[in-house]
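# An overview of the molecular structure
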Amino acid sequence: MPAAPAVRRTVFVDGVRTPFGRARPDGLYGHTRADDLAVKTVRELLRRHPQLPPERVDEVAIAATTQAGDQGLTLGRTVGVLAGLPRSVPGYAIDRMCAGAMTAVTNLAGQIGVGAADVALAGGVEHMGHHPMGFDADPNPRFLSERLVAADALNMGVTAENLHDRDAGLTRERADAYGVASQRKYADALAAGKIDPDLVPVATRDPERGWGLATADEPPRPGTTVEAIAALPTPFRPGGRVTAGTSAPLTDGATACLLAAEDTAAELGLPVRMRLVSFAYAGVEPEIMGVGPVPATHRALERAGLTIDDIGLFEINEAFAVQVLAFLDAFGIADDDPRVNPYGGAIAVGHPLASSGVRLMTQLARQFAERPEVRYGLTTMCVGLGQGGTVIWENPHHAEYEPTATTAAGAAPIDEEVAP
């Protein structure tokens, strides 16, 4: 039998996203197609990296949770064609709810690892204004009739309330403080110029207002205070603890990233912003889906031969503040640890479901460039119906980073910046 080929290393070349908009008729993208948002991100990656011949892209994987209407029809293929990639480039759609784009990245990393692809595009889009979460879904009645899950497991806000119930230490006061901190950190990062470089301006059209240009995120609420959040109602349970101030808002947006084998990046002169070290997904009880990142992170760390103390930066998706707090408690990390979501998170910027995984990665890559002393970071998120996903990354700016021999001779500068 022929020997199994060595697994090749996958690197994160670049990531971009559209500005995120509020999912409502008068939001940024109320009259913009979902697939057009995804096309914009793919085109921007190709524009920023002219040294990449489009025909060298081997696969396009685009995620969406609701694969219908302008989010249907095999997004990876349709977005690739609309973005101007050669017809020879295949593509597919993927769904793991909130972890859709994350799964697109890890699936393509597997293809790259075994030599089935050299260069690939991964991303996600969610137009929650056109496709509200769960819209037109038809859960099998056996879930409830056979008591496979509780009725509230299908309502993400209720599962967040269940997390509060699970641990008396997960108080509303902690969640409120965390929600305010997310808004503040995002505002600080925006003012420091750390958000705009990853944004792709999007032309918008409104029947009443005419043409416009989306250049900034719409959901953030700078100046939010604990006092203001404390007065908000609890929509998921009377007298509950989860509010709009401690939840990610309903959001429209798209993300995309460029992945490559490390040796191919060297060949083509593509920058290396991160190296994928390991990843893992795990299932948990759907009623407390927010704890999913905990077992997923344990698995990813074990596979990488690392411990939580080796992780110098954490990008945790903020579906709900309580979900992040449960993760921090599980690993003995303080609520205000500066390693956690330095640019703020989804509570401030929004969470367009299947697209958010690549936003986390893009932000981590930028933080790696700022923090060469940090060797490892992770991106993690909970997933509806009781799952979690975690990806561990290595910082190529770190002194102990060792590129492969073929890369060391010809890689592009890892701190390369391309003007947006």
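Look a little higher up for the structure.
Attention here is on the structure that accompanies the text. (Residues numbered from 1 in each chain as written. Predicted model: local features only at pLDDT ≥ 70, side-chain atom pairs only at ≥ 80, totals over all residues. Heavy atoms only, no water.)

## What to know about the pattern of salt bridges
A complete count under the given rule lists 26 salt bridges for this structure. For Asp-35, the salt bridge is made with Arg-33, and the minimal N-O distance between the two is 2.8 Å. Judged by its relative accessible area of 44%, Arg-33 falls in the partly exposed class. Residue Arg-209 pairs with Asp-206 through a salt bridge whose shortest N-O separation is 3.3 Å. Classification of Arg-209 as exposed rests on a relative accessible area of 57%. (Salt bridge = Lys/Arg side-chain N within 4 Å of Asp/Glu carboxyl O. Buried < 20%, exposed > 50% of the residue type's maximum accessible area, 1.4 Å probe, protein only.)

## Some points on the packing of aromatic side chains
All told, the structure shown has 5 aromatic pairs when counted by the stated rule. Measuring from ring centre to ring centre gives 6.4 Å for Phe-236 and Phe-320, while their planes differ by 85°; the resulting arrangement is edge-to-face. Here the residue Phe-236 occupies a position in the loop between α7 (226–230) and β8 (251–261), and Phe-320 occupies one in the loop between β10 (311–316) and α10 (321–330), the gap between them amounting to 84 residues. Phe-236 sits in the partly exposed class, given a relative accessible area of 31%. The interplanar angle of 65° and the centroid separation of 6.2 Å between the aromatic rings of Phe-279 and Tyr-281 together place this pair among those described as edge-to-face. When its relative accessible area of 29% is taken as the criterion, Phe-279 is described as partly exposed. An aromatic cluster of at least three residues, connected via ring pairs, comprises Phe-314, Phe-327 and Phe-331. (Phe/Tyr/Trp six-rings, centres within 6.5 Å; stacked < 30°, edge-to-face > 60°. Helix = DSSP H or I, 4+ residues; strand = E, 2+ residues; numbered from the N terminus.)

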